[in-house]
Amino acid sequence: MNICKRALTIALRHPLYLIIYIGFLSSMGVVLMGEAGGSGAREATEVPRARIVLVDRDGSAVAQSLEEMLSQTDKLITVADEPLALQDALATDKADAVLVIPAGFGDALMDASRTGGELPELEIATGGDMQAAALASQRASRTASLIASRAALMPHASAEQVLDGMRKLSDIAPAVETIQTAEESTAASRLAFYLTFSSYTVTSSIVVVAGVVLSTLNKPDVRRRQLAAPVSSWRMGFESIAGCAVLALGVCAWVALVGIGASGAGALLSSAGAQVALAIASLCAFALVPLSLAYTLAQCGFREEALNAIANLGGMVMSFLGGAWVPLSLMGANVRAVAHFTPTFWMYDAVTCALGAQEVNASVLATVGIDLGIIALFAVAIMSAGLVAARLRVREV
Amino acid sequence: MDVIAIEGLVKRYDELLALDHFDLHVDQGEIFGLLGPNGSGKTTSINCMLALLTYDRGSIRLFGESMAPTRYDLKRRIGIVPQQVAVIDELTVRENIDYFCSLYVKDRARRRVLVDEAIEFVELEEFVRFRPGKLSGGLLRRLNIACGIAHKPELIFFDEPTVAVDPQSRNAILTGIQRLRAEGATVVYTSHYMEEVEQICDRVMIMDHGRALAQGTTDELKRSIRTGERIVIELEGPSGPRARPDSRASDGGALPTRELERLRALPHVLDVSLAGNLLTVSCEASEHNLTDALASLRAGNARLGRITCAPPTLNDVFLEITGRELRD
C-alpha cells in the first residue's frame, strides 16, 4: 500500500505537469468548446448574396431567364464588356465573380438537353471572396442545368414555353421552418465535443505524470534495491500501477467536472444522468490506454523528456484522429480508415452515441459496450508489450 | 555459523567469465572485505548472493539456507547499500527511508520507530524534510545507507559506499559500519580502497578476474607474501662528485646504477626501484634491513633526506599476487 501511496506522492511533487497538462489543457478544451458549440440557436439564417457581373454575349431568352433568376439570389452589377473593365471589377473588389454567357449558349443548351449531348458551360472568373464566387457559380450552373432538364422533359415546347414553366417553378418558395433545439441537446453536444477534445488532455497528462512516476520507480539503482527486498516484482508493479490508476481516475474526474460545469450540462444530470454517466465511463475506459502506454514507456526506459515529447505528439495525433480538432466527417476516407485504429475514435463513437441518445436502451448500451471493449483491447495490447519489456528488464541488473 | 556459504560459483556474461569457481564463507558478526580492482567480480558476486542475477554453476547458502529470488524470508534479513545512490529524488529524506523500509516492514508504528533510528544513526535529523537534490554528496551517501539499514538487517552488503566521498564523510561511514557490527550485524564490504578495508575488516578476500586470489585477516595476508618491509628514502640532489652522467641509472634517477646494484645485492632485499628522488627498497622480514641499506648508500656518498620504513600493505599483497597495482 505504501508503494501506491508513494507513487501518488511522486506525482504530486510534479505540480507543473499537473497544472500544464490537466489545468491548462482542460481550460483550453473549455475555450474550444465555446468556440465550436456557440451560445445557442441563431434567430435567423441569411443566405449570403454574391456580387456578380453578368456579361450576356448570347442575348437569347435562356440568357435573359438566367439573369432574372440570378438577380433574385445575388446582386448583379453592370460593367462594360471589356477585358480591362471586367478585370478591374474583380481586382478592386467591386464584384465577387464575373459570369459570362457565351454567344450561342441558349441554343446549345436547348439542343444538348434534347439530344443528350454535353451541356455548354458558363465562363466564370472569381475574385477575392472565393466562397461567394463559388456559391454564385454553383447557382448559375444549377439554374442552367434546371432549364436543360425541363427542356428535355418538354421535347416539343419552344424555349419561351420551357422558360415560362421555369419561372413558375422558381416562384414557389420552399417552406422553411425553424426548429428550436432544446437547451439540453445543445449542452449534450457541447459536452460531447469537450470530452472528445479531452482525449488529448487525458492522454498527455497521464502519459507524462504516470510515466514520470513509473520511470522514477524503475530507475536501475532504485529497481535493484527494490528487487533485493522481500516483495515480488509483480506486486511492486501492481501497486505502482494502482497508484497511477488512482491518479488517472483523478484526471478523469477533474475533466468530467470541468466539462459538465462549463458546458452547462448540469441540468442534463437530472434528465439524462445515465447518458452522461456512460460518456464519463467512456472517458475513464479511455484513460486505461495512456496508463498502459505510460507503463510500457517506463519499462522501455523512457525518461521525463522523452515522455513529454511522446505524450504531446501522441496525444495530438490521437485526438486529431478521434475527431477532436476537425470532425471526422470532413476528413478523407483514408484518414477515417486510419482513425479506426486509434482508441480515440472509439471513445468519440461511445461519447457521441451516449450523449446523442434520447434514452439509454439496449442498443445504446451495446454500441457503447462494444466501443469500450475495443478501447480496453487497445489498453491490454499496449500493457502486454509493457509486461514483456518489464520481464526482460528484470533480468538486467 | 556461516552466514554466507558460496561454493564453486560460476557466472558468465556471454564470453566474459565474471565469476570463476568463486568460494566464499562469511562468519556471523564479522566485517568481511571484498577487495579488488574495478571489474574483478565484487558487485557480480553480491548480485548473485541477493538473487538479482542467475548463475551458471555453484551454490549460494545464506543463513544456512539456499538462496533463491523468491526466498523472501531470507531477503527480509538482508540489507543492501548499493554503489550508486539509489533514492527517489521526489521524496524527502524521511519519505525515502520510510519507502524502502516499508518494503521490509509492513507495520506502520514499528516502521516509524525504525525510520527514526535510521535517521539518528546516519545523523540526518536536520535534513529529514530535504529532498535528495538539496543534499551534499556525503549526506546523500548517508541517506543511501539509511535506506539500506533501516529495517535492521542481520546481513548488510555495502557495495563501495565511499566512492566519491570526502574524507570526513568517509570516516563517518566507516565508523557507522563498525557500529552496525557491534550491534550484531554481519557486514560484507566491497571496495578497491585498501586502506578502508584494512581499517574495518576482520577478514579480507582479494579478488581479481572473478577469482578469489587470497583471503584471511590483513596480517595473515601480509605475512603470506615475501615482502616484510618497505624502506622509502628521499635522495637529495646529485649524489656527490662520483655521480657522472655515464654512470647514472637509465631511468634518470639521482643514484648511479652500480649503487642500485649494490643495494640489490644486499641480503633480504627483494627489489629496488628509483622514481625521481624516491628510492624504494622492498625487503624480506629481517632485523637489519634499514641499517644495511643506509650503510650501502653512505658508502656511495648519497645525500639522504627523509627515510620511512613500513610493513607491507594490501596493495603489496595484491601486487605480489597479480603482478600489478590494485588501482590499475
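Residues numbered from 1 in each chain as written. Chains lettered and ligands numbered in written order. Predicted model: local features only at pLDDT ≥ 70, side-chain atom pairs only at ≥ 80, totals over all residues. Heavy atoms only, no water.

Draft legend 1. Highlighting the overall build of chain A. Across its full length, chain A carries 16 helices and four strands. Since a compact globule built from 397 residues should have a radius of gyration of about 21 Å, the 31 Å found for chain A marks it as more spread out than a globular shape. If you line up chain A on its principal axes, its C-alpha atoms span 100 × 45 × 40 Å. Out of the 397 residues belonging to chain A, those deemed buried represent 45%. Considering only intrachain contacts with a sequence separation of at least 6, the fraction spanning at least 24 residues in chain A is 79%. Total accessible area computed for chain A in this model is approximately 19,300 Å², and 63% of it derives from carbon and sulfur atoms. Between the centroid of the 26 positive side chains of chain A and the centroid of its 33 negative side chains there is a distance of 21 Å. (Helix = DSSP H or I, 4+ residues; strand = E, 2+ residues; numbered from the N terminus. Rg over C-alpha atoms; globule rule 2.2 N^0.38 Å. Buried < 20%, exposed > 50% of the residue type's maximum accessible area, 1.4 Å probe, protein only. Contact = heavy atoms within 4.5 Å. Areas by Shrake-Rupley, 256 points an atom, 1.4 Å probe, with all protein chains shown as cover. Lys, Arg positive; Asp, Glu negative; His and termini not counted. Charge placed at Lys NZ, Arg CZ, Asp CG, Glu CD.)

Draft legend 2. Structural context of the overall build of chain B. Each helix and strand in chain B was counted, giving 11 helices and 14 strands. In terms of principal-axis extent, the alpha carbons of chain B reach across some 80 × 45 × 35 Å. Buried residues in chain B amount to 52% of all 328 residues. Counting only carbon and sulfur atoms, one obtains 48% of the accessible surface of chain B, whose full area is about 14,800 Å². On chain B, the mean spot of the 41 positive side-chain charges and the mean spot of the 49 negative ones are 3 Å from each other.

Draft legend 3. Spatial organisation of the sheet that holds strand β12 (residues 269-275) of chain B. Residue and element names in this part refer to chain B. Read across the open sheet, the four strands follow the order β12-β13-β11-β14; overall the sheet is antiparallel. Whereas interior strands pair on both sides, the edge strands pair on one side only; in this sheet they are β12 and β14 (304-310). On average, each strand axis in the sheet is inclined to that of its neighbour by 15°, with strand direction left out of account. Bridge count for strand β11 (residues 227-235) against β14 is five bridges, and the pairing is antiparallel. Looking across to β14, one finds that Leu235 is bridged to Leu304. On top of the sheet, helix α10 (residues 289-299) reaches β11, β13 (278-284) and β14; it is set at about 35° to β11, its chief contact. (Pairing = 2+ DSSP bridges. Axes fitted to C-alpha atoms, helices over the stretch in contact; angles between N-to-C directions.)

Draft legend 4. The nonpolar core, seen in detail. Core analysis: the biggest nonpolar cluster contains 132 residues, and A:Leu355, B:Ile97, B:Phe158 and B:Tyr189 have the highest contact counts within it. Looking at this core element by element, the count peaks at 18 residues for helix α8 (residues 183-217) of chain A. Here A:Leu355 is in contact with A:Ala188, A:Leu191, A:Ala192, A:Leu195, A:Gln275, A:Val276 and A:Ala279, once residues within four sequence places are set aside. If you look at the next biggest cluster of nonpolar residues, it comprises 31 residues, including B:Val3, B:Leu34, B:Leu53 and B:Phe157. (Core = buried A, V, L, I, M, F, W, Y, C linked by side-chain atoms within 4.5 Å.)

Draft legend 5. Spatial organisation of the environment of B:Asn96. All names here are of chain B. Relative to the elements of secondary structure, Asn96 occurs in helix α3 (residues 93-102). With a relative accessible area of 0%, Asn96 lands in the buried category. The spatial distance from the C-alpha of Asn96 to the C-alpha of Leu143 is 8.3 Å, given a sequence separation of 47 residues. Filtering out sequence-adjacent residues up to four positions away, Asn96 remains in contact with Val87, Ile88, Leu91, Pro132, Leu143 and Cys147. A distance of 2.8 Å separates the side chain of Asn96 from the backbone nitrogen of Ile88, its partner in a polar contact. (Polar contact = N/O pair within 3.5 Å; in protein donor to acceptor, adjacent residues only side chain to side chain.)

Draft legend 6. Representation of a negative patch on the surface within the structure. Residues and elements named next belong to chain B. Together, Glu120, Glu123, Glu125 and Glu126 give the surface a local cluster of negative charge. Inspection of the secondary structure puts Glu125 in the loop between α4 (108-121) and α5 (137-149). The class for Glu125 is partly exposed, based on a relative accessible area of 42%. (Patch = residues over 30% accessible without salt bridge, like charges linked within 9 Å, V, L, I, M, F, W, Y side chains within 5 Å. Salt bridge = Lys/Arg side-chain N within 4 Å of Asp/Glu carboxyl O.)

Draft legend 7. Layout of unusual backbone geometry. Residues and elements named next belong to chain B. One non-glycine residue with positive phi stands out, namely Phe63, at about 55°. Residues other than glycine seldom take positive phi values, yet Glu123 does so here, at roughly 55°. Relative to the assigned elements, Glu123 resides in the loop between α4 and α5.

Draft legend 8. Representation of the interface of chain A and chain B. The interface is formed by 25 residues belonging to chain A together with 34 residues belonging to chain B. For chain A, the biggest contributors to the area lost against chain B are A:Arg224, A:Arg225 and A:Pro230; these three give 30% of the whole. The tally of links between chain A and chain B comes to 15 residue pairs in polar contact (both at pLDDT 80 or more). Elements with a contribution of two residues or more to the side of chain A that touches chain B: α1 (2-12), α8, α9 (220-228) and α10 (233-263) of chain A. In the side of chain A that touches chain B, the residues fall into 12 nonpolar, six polar and seven charged. (Buried area = accessible area lost by both parts, 1.4 Å probe. Nonpolar A, V, L, I, M, F, W, Y, C, P; charged D, E, K, R; others polar.)

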